[in-house]
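# Structural features, examined
Listed below, chain by chain, are the residues.
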Amino acid sequence: MSAPTDDFLDQILARAKDAGATAAQALTNRTRYFEIEFDHRSVDLVRSTENETTTITLFRDGKRGGATLNGRRPEEVEAAIAAAATAAEAGVADPANDIADAPSLPPGDHGPLAPDRAAMRAQVDEFLASLPARHPLLRLRDSLYTFTDQETEFANSRGLRQRERRGRHGFRAMFMAKDGPLTTSFNAVGGSAFSPFPSLYEAAGVGRLMAECERSLERRPVAGKFVGDVIVTPHCLTGLLPSIAGALAGPALLAGSSPYKDKRGERIASPLFSLDNAPRSADFAEGADFDEFGVPTRDLPIIEDGVLKDFLVGYFFSRKLGMAQTAGVRNSRVRPGETGVAEMIAGVKRGILLSRFSGGAPNDNLDFSGIAKNSFYIEDGEVRHAASETMVSGNFQQLLQDIHAVSKEVVNFGDCAYPFVAASGVTISSK
Amino acid sequence: MLERLVARAAQLPAYGELRWHANHASRIMMRKGVLLANGRSRDGGVSARLYHNGAFGFAAAPADDETSLAAVIATAKDNAEFAGGHAASGGLSTAAGSGSYDYRSKRAPLSAEQRVDIVRRLDEAIRARYPGLVNVDISLSSHASEKILANSDGAATCSFVPRAALVVSMSVAANDGIVELHDILGGFGEIEDQSFDEATLAPWLEELHENLRRKAEGGQCEAGDHDVVLDAALAGILAHEAIGHTCEADLVLAGSVAGDHLGELVASEKITLGDYGGRGPDGKSSFAIHVDDEGTPCRDVAIIENGVLKNFLHSKRTAQMLGAEPAGNARAFSFQDEPLVRMRNTCIAKGSDKLADMIGAIERGYYLKRSTNGQADATSEFMFGVNCGYEIRDGKLGRAIRDTTISGVAFDMLKSVTHVGDDFHWSAGGGWCGKKQPIAVGMGGPSIKCRITLGGRG
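Remember, predicted model here, so these are calculated numbers, not experimental data. (Residues numbered from 1 in each chain as written. Chains lettered and ligands numbered in written order. Predicted model: local features only at pLDDT ≥ 70, side-chain atom pairs only at ≥ 80, totals over all residues.)

### Some details on the overall build of chain B
Quick note on the threshold: Think of it this way: any DSSP run of H or I at least four residues long counts as a helix, any run of E at least two long counts as a strand, and we number them from the N terminus. The globule rule is 2.2 Å times the number of residues to the power 0.38, and the radius of gyration it is compared with is taken over C-alpha atoms. Exposure classes come from backbone-placed C-beta atoms, where a residue is buried if 20 or more other C-beta atoms lie within 10 Å of its own, exposed if 12 or fewer do, and partly exposed in between.
Of the regular secondary structure elements, chain B holds 9 helices and 23 strands. Against the 2.2 N^0.38 benchmark of 23 Å for 458 residues, chain B shows a C-alpha radius of gyration of 23 Å, consistent with a compact globule. By its C-alpha atoms, chain B is 65 × 55 × 35 Å across when sized along the principal axes. The 458 residues of chain B split such that 60% are buried.

### Observations concerning the environment of Ser42(A)
Selection criterion: This entry defines residue contacts through backbone-placed C-beta atoms, with two residues in contact when those atoms are within 7 Å.
Relative to the helices and strands, Ser42(A) is located in the loop between strand E1 (23-38) and strand E2 (43-60). Judged by local crowding, Ser42(A) falls into the partly exposed class, with 16 C-beta atoms found within 10 Å. For Ser42(A), the residues in contact, after removing those within four places along its chain, are Leu128(A) and Gly85(B).

### Describing the nonpolar core
Using the following cut-off: Throughout this description, the term nonpolar core refers to a group of buried Ala, Val, Leu, Ile, Met, Phe, Trp, Tyr and Cys residues whose C-beta atoms join them within 7 Å.
Formed by 262 residues in total, the largest nonpolar core has its most connected members in Leu58(A), Ala84(A), Ile352(A) and Leu354(A). Top contributing element to this core by residue count: helix H5 (residues 232-244) of chain B, with 9 residues.

### Comments concerning the environment of Gln123(A)
Residues and elements named next belong to chain A. On the secondary structure map, Gln 123 appears in helix H3 (residues 117-134). Separated by 74 residues in the primary sequence, Gln 123 and Phe 197 have C-alpha atoms spaced 8.9 Å apart. If sequence neighbours within four positions are ignored, Gln 123 has contacts with Tyr 145, Pro 196 and Leu 200.

### Things to note about the pairing of strand E6 (residues 161-179) of chain A
All names here are of chain A. This is how the line gets drawn: Pairs of strands are assigned from DSSP output, requiring at least two bridges between the strands.
Across the 19 residues that make up E6, a large majority, 14, are buried. When strand E5 (residues 138-156) meets E6, the two strands line up antiparallel, connected through 16 bridges. Within the sheet, the bridge partner assigned to Leu 140 lies in E6 and is Phe 175. Linking E5 back to E6 in an antiparallel pair, the connection comprises 4 residues, with Gly 159 at a positive phi of about 95 degrees. Of the pairings in the sheet, the one linking E6 to strand E8 (residues 187-193) comprises 7 bridges and is antiparallel in character. Each bridged residue has a counterpart across the sheet, and for Phe 171 the counterpart in E8 is Gly 191. Where E6 lies against strand E7 (residues 182-183), 2 bridges are found, and the strand directions are antiparallel.

### Brief notes about the interface of chain B and chain A
As a measure of interface size, the accessible area lost when the parts come together is often cited. Stated formally: Under the convention adopted here, Pro, Cys and the residues Ala, Val, Leu, Ile, Met, Phe, Trp and Tyr are nonpolar, Asp, Glu, Lys and Arg are charged, and Gly plus all remaining residues are polar.
Opposite the 69 residues of chain B that make contact, chain A presents 66 residues. In terms of residues, the side of chain B that touches chain A owes the most to one element, strand E2 (residues 34-52) of chain B, which gives 10 residues. Considered class by class, the residues forming the side of chain B that touches chain A number 24 nonpolar, 27 polar and 18 charged. Pairing analysis gives 5 bridges linking E2(A) to strand E3 (residues 55-61) of chain B, with the strands arranged parallel. Paired with Ser48(A) across the bridge in E3(B) is Ala59(B).

### Things to note about the packing of helix H2 (residues 74-90) of chain A against helix H3 (residues 112-129) of chain B
Each pair of packed helices can be summarised by the angle the axes make with each other and by the distance between the axes. For the record, the criterion: Fitted lines through C-alpha atoms serve as axes, helices being fitted only where they are in contact, and the angles separating the N-to-C directions of these axes extend from 0 to 180 degrees. In what follows, roughly perpendicular refers to angles from 65 to 115 degrees, roughly parallel to angles under 35, roughly antiparallel to angles over 145, and oblique to any angle outside these ranges. Left-handed describes a crossing whose near helix is turned anticlockwise from the far helix by less than a right angle; the clockwise case is right-handed.
Taken N-terminus to C-terminus, the directions of H2(A) and H3(B) make an angle of 45 degrees; their axes are 8 Å apart at the nearest point. When the axes of H2(A) and H3(B) are compared, the pair comes out oblique. Classified by chirality, the crossing of H3(B) by H2(A) is right-handed. For the pair H2(A) and H3(B), contact is made by Thr86(A), Ala87(A) and Ala90(A) and by Ala112(B), Glu113(B) and Val116(B), respectively. Among the residues forming the contact of H2(A) with H3(B), the class breakdown is 4 nonpolar, 1 polar and 1 charged.

### Remarks on helix H4 (residues 198-217) of chain B
All names here are of chain B. To keep things clear, this is the line we draw: By definition here, a helix of n residues has an expected span of 1.5 Å times n minus one. Note that the arc is defined by the directions from the helix axis to the C-beta atoms.
Helix length check: H4, at 20 residues, gives a terminal C-alpha distance of 28 Å against a target of 28 Å (1.5 Å per residue), a fit within 8%. Residues Leu 201, Leu 205, Leu 208, Asn 211, Leu 212, Lys 215 and Ala 216 constitute the buried set of H4. Along the long axis of H4, the arc covered by the buried residues comes to 135 degrees, so they all point the same way. With respect to the buried face of H4, the exposed residues turned more than 90 degrees away are Ala 199, Ala 202, Pro 203, Glu 206, Glu 207 and Glu 210.

### Concerning the confidence of the model for chain B
Residue and element names in this part refer to chain B. To keep it simple, the criterion reads: The predictor attaches a confidence to each residue, and that confidence, scored 0 to 100, is pLDDT.
Mean pLDDT over chain B stands at 93; residues scoring 70 or higher make up 99%. By mean pLDDT, strand E21 (residues 431-435) is the weakest element of chain B at 89, and strand E12 (residues 330-331) is the strongest at 98. Among the prediction metrics, the complex's ipTM stands at 0.93, with pTM recorded as 0.94.

### What about unusual backbone geometry?
A positive phi angle, close to 45 degrees, is found at Asp142(A), a residue other than glycine. Here Asp142(A) is to be found in strand E5. Positive phi outside glycine occurs at Asn306(B), with the angle close to 50 degrees. Looking at the secondary structure, you find Asn306(B) in the loop between strand E10 (301-305) and strand E11 (308-309). Its 14 C-beta neighbours within 10 Å are what place Asn306(B) among the partly exposed residues.

### Considering the pairing of strand E19 (residues 382-387) of chain A
Residues and elements named next belong to chain A. Sheet topology note: the strand E9 (residues 219-220)/E19 ladder contains 2 bridges and is parallel. The partner of Arg 220 across the bridge, within E19, is Ala 387. Pairing of strand E18 (residues 376-379) with E19, which is carried by 4 bridges, proceeds in the antiparallel orientation. Counterpart to Phe 376 in the pairing with E19 is Ala 386. Hairpin connection, E18 to E19: the antiparallel pair is bridged by 2 residues, and Asp 380 has positive phi, about 50 degrees.

### Observations concerning helix H5 (residues 234-247) of chain A
Structural remark: α-helix, 3.6 residues per turn; residues separated by three or four positions point the same way. All names here are of chain A. Note the following rule: At every residue, the bend is computed as the angle between two fitted axes, covering the seven residues ending there and the seven beginning there respectively.
The end-to-end C-alpha distance of H5, which contains 14 residues, comes to 20 Å, matching closely the 20 Å that a straight helix rising 1.5 Å per residue would cover. Helix geometry: H5 is bent most strongly at Leu 240, by close to 40 degrees, with proline Pro 242 lying one to four residues after it. The complete set of buried residues in H5 reads Pro 234, His 235, Cys 236, Leu 237, Thr 238, Leu 240, Leu 241, Ile 244 and Ala 247.

Following this line, the structure appears as structure tokens:
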């Protein structure tokens, strides 16, 4: 997207000052989006959208108010500034409320400017043409091949200016298998990358999941209730790790509800487990050069060899909690280990290959319980059968401590990257 | 705007819809007296969707002038042709909806100061009354969807549908970690229409705190299959996750097991479950819809009638594919979104049993009071989180349980229903459903006694 740099944000800051702001900031996202949606039969929708949203944050004597609008209709811009000013006036004063003072970066430019629509269409057609031969029992719905071009601009009244553009391809597949009366659970996977995916079957590890899906038609509950091992797949970690990251983040520290609040410098996980925050990583198409306060992002180890090195604290919470800012944007990477997935499975006496966790949101104590979806029962080092109506329960604090293997294989989803992680001590139960 | 859309829609080269759509939202969020969110948002624009040979082209832009409208129609046409459908699939014409459905508050708007004051006073009152709390979160939010829609069949309609919610979360330190519980007040209407006065809030907070106190003293529930009583507050999410999603026709076309059971007994004969237009059968749901985003007038859909699976939920396209009549279930979240098959007000009809009798009928099981998030599946295996519940021992309530997840295969579990309560509850604050796009839904029902699987380490 080649939107020109203009003085839109400067005008907003000037109007905010007129409205009584002692400080102000504005963040604009201009997005052009293109989507080909398909099921297992054919393309059913082509969608293209444009939008421009601007978030105005206005500070008045330590109080803060905000408003977000889209487009640039003058009357709506004025209304948003007035609403932010009114909200700030009504707010609660806090010394932590302020705009940032940080270096302005050179404009960032990442990824292609525009999609090759014909090439994307050809890839979808090729994918659909080969699907019946590769996976005859598979059914897709709401599957997407997308291109997003997003330009983000930031300005504050302290003179901080930031700008970056990211053009990225995205792929999402939602699928199940059906053979007569036999039906599997849905599974879904999505990922993004700057370049077009060489093959849609290779995007975000979807090929492995599709093959597993077809092997899941004959499912049965895991017998009885026992405490066993769990091998958490990269896809499953995308759903689980945000709960752990949330417990390490500023809001949980302010609440005092994080079990890790006093654990900096202590071992909170197996020495095999290392977690980085990597928003600047060149292979994360959904990273960011700066955060919502305009502060440049940086890559940082959070857990290193099991030891909690740093919390995930953004600009406001760093001021509120009196801590250094470590993160304004989250892009998690669990470092790969040295064990192959086959070797991990071979090491399991009794347990589950957990491909998707469908459960209630983990509580503050990081207890979890939910259904093992798209998952397989392992016994004596072999995958025995696909599991149905089987629940896994445990506690993430303990699970991190009980990790005994991390795989060499890693899946990059474009906003995070995870290996397979094997741990013990999970309660596995069925009806 | 409606006249402009109607005029343009009449000239579309194929079946299509034009929609002007704006979402208005506000949120004030306080944690331990610190105001973390205090603002509002508006996101609006126009969209066009055109149907061509079995596929759709869609385009949207954040503007509503004539030039932008012409541009999105042209882009939607290009996209429909690019979609390159080959099926000579016939037209999508159905009944055309009309009317204006404006649920804007008639009361004087609260100022920003008055809204922040609701939250600030509540925070002070909670922390004064319950000094042992580790954390208090209070969130006051509103959302309104404003639409103007016309289609090439002559549908022409406007709506403004607001909802508001007050959420309070309290946390205490138990001997094995932090224990949290939250509850929601509010529902249909704007913040001005809700009862957030002290007389309403005081007993509500007292019950929330008492449930939290008992939860902190409670323990893990025992994993496995159990007799349970689901409170009426859980019936809505059961109707939505266990049955509603499984019976969405796009999921049926993808292979949902519901497709194999139409006309069959899938539940106890005590179960009747429907998806309703308007504000539901009693006119009290947290959500209202009269014409959907394809311009179809909303009709009620009987999904399960006395245990028999009767109907699925349709868009124009799925109805065409399955030979049914759409009843107004195609809905879009924002101006940038295309209509999808969605639920509206989904609920289980109330029965005649008493809650106390249900609890009294269980020797060893659980009474589950409040839910968190939920998920459905093509197999009809559902789950939802439970953050408040109690053991039942010899027909009486026992100790509280910690957070857990319940699951079951809907078409098995619903056959285990032995009691359906004479009570009825629409989910407070209104529900949200995620399926490519988020969407506001209403969900409700009575208390139910059944057999279900619980997760847990006990």
